[in-house]
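Architecture at a glance
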Amino acid sequence: MFVKNVNGSGRFPAPKGYASWLDYWKAQTGINPTYCSTDNCWGRNLVGAHVQKAYSSDQRWYIVPLCASCNNRTDTFNVNATLVPVPSNL
Ligand SMILES: [Zn+2]
C-alpha cells in the first residue's frame, strides 16, 4: 500500500483512553510491531504516524507504525501493515 504522511498531524491528541496513536494502532490490530512498516526499513523508534493512501480517491486519514525517520518523509512510499482509520469523532 502506497501512502504519504499527513503534514502537521502530530498536533492531534490520541483518542481518549490511549497513551499514543501507536497504542491505538496496537489495540485495533492486536499486533505489537517491532519494526517500521516501510518496505526495507528496520527502524525501531516507532510512532503511530498519520498517513493518507497515495494514488487513491480515499482521502481519509489512517494510522500506521513508522520509525521517526519515515514519519518525516515527504514522498510517497510503500508500507506493509494494516492501516487503521483515524476515528472521525475526535
Ligand atoms: Zn522507517
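Coordinates for the structure precede this section.
Before going into details, it helps to say that this report is about the structure given with it. (Residues numbered from 1 in each chain as written. Predicted model: local features only at pLDDT ≥ 70, side-chain atom pairs only at ≥ 80, totals over all residues.)

It is worth spelling out the overall build of the chain at this point. Counting its secondary structure elements, the chain contains two helices and five strands. Going from N to C terminus, the chain has its helices and strands arranged as β-α-β-β-α-β-β. The C-alpha radius of gyration of the chain comes to 12 Å, within 12% of the 12 Å expected for a compact globule of 90 residues. Taken along the three principal axes of its C-alpha coordinates, the chain extends 30 × 30 × 20 Å. Expressed as a percentage of contacts within the chain between residues at least 6 apart in sequence, the contacts between residues at least 24 apart total 62%. (Helix = DSSP H or I, 4+ residues; strand = E, 2+ residues; numbered from the N terminus. Rg over C-alpha atoms; globule rule 2.2 N^0.38 Å. Contact = placed C-beta atoms within 7 Å.)

Our next topic: the sheet that holds strand β5 (residues 84-85). Strands sit in the order β4-β1-β2-β3-β5 across an open sheet of five strands; the sheet is antiparallel. Edge positions in the sheet fall to β4 (77-78) and β5, since each of these pairs with one other strand and no more. Pairing geometry for strand β2 (residues 46-53) and strand β3 (residues 62-67), over six bridges, is antiparallel. Following the sheet pairing, glycine 48 is matched in β3 by proline 65. Across the sheet, helix α1 (residues 21-29) touches β2, β3 and β5, and the angle it forms with β2 is around 75°. (Pairing = 2+ DSSP bridges. Axes fitted to C-alpha atoms, helices over the stretch in contact; angles between N-to-C directions.)

With that settled, the discussion passes to the environment of alanine 14. Relative to the helices and strands, alanine 14 is located in the loop between β1 (2-5) and α1. In this structure, the C-alpha to C-alpha distance between alanine 14 and glycine 48, residues 34 residues apart in sequence, is 9.4 Å. Each residue touching alanine 14, except ones within four places of it in the same chain, is listed here: Ala19, Ser20, Trp21, Asp23 and Tyr24.

Let's shift gears to the pairing of β3. Most of β3 sits inside the fold, with five of its six residues counted as buried. Sheet topology note: the β3/β5 ladder contains two bridges and is antiparallel. Residue pairing across strands places isoleucine 63 opposite valine 84, the latter belonging to β5. (Buried ≥ 20, exposed ≤ 12 C-beta atoms within 10 Å, placed from the backbone.)

Looking along a regular strand, one sees the side chains alternate between the two faces of the sheet. When β1 meets β2, the two strands line up antiparallel, connected through three bridges. Along β2, the bridge assignment pairs valine 3 with lysine 53.

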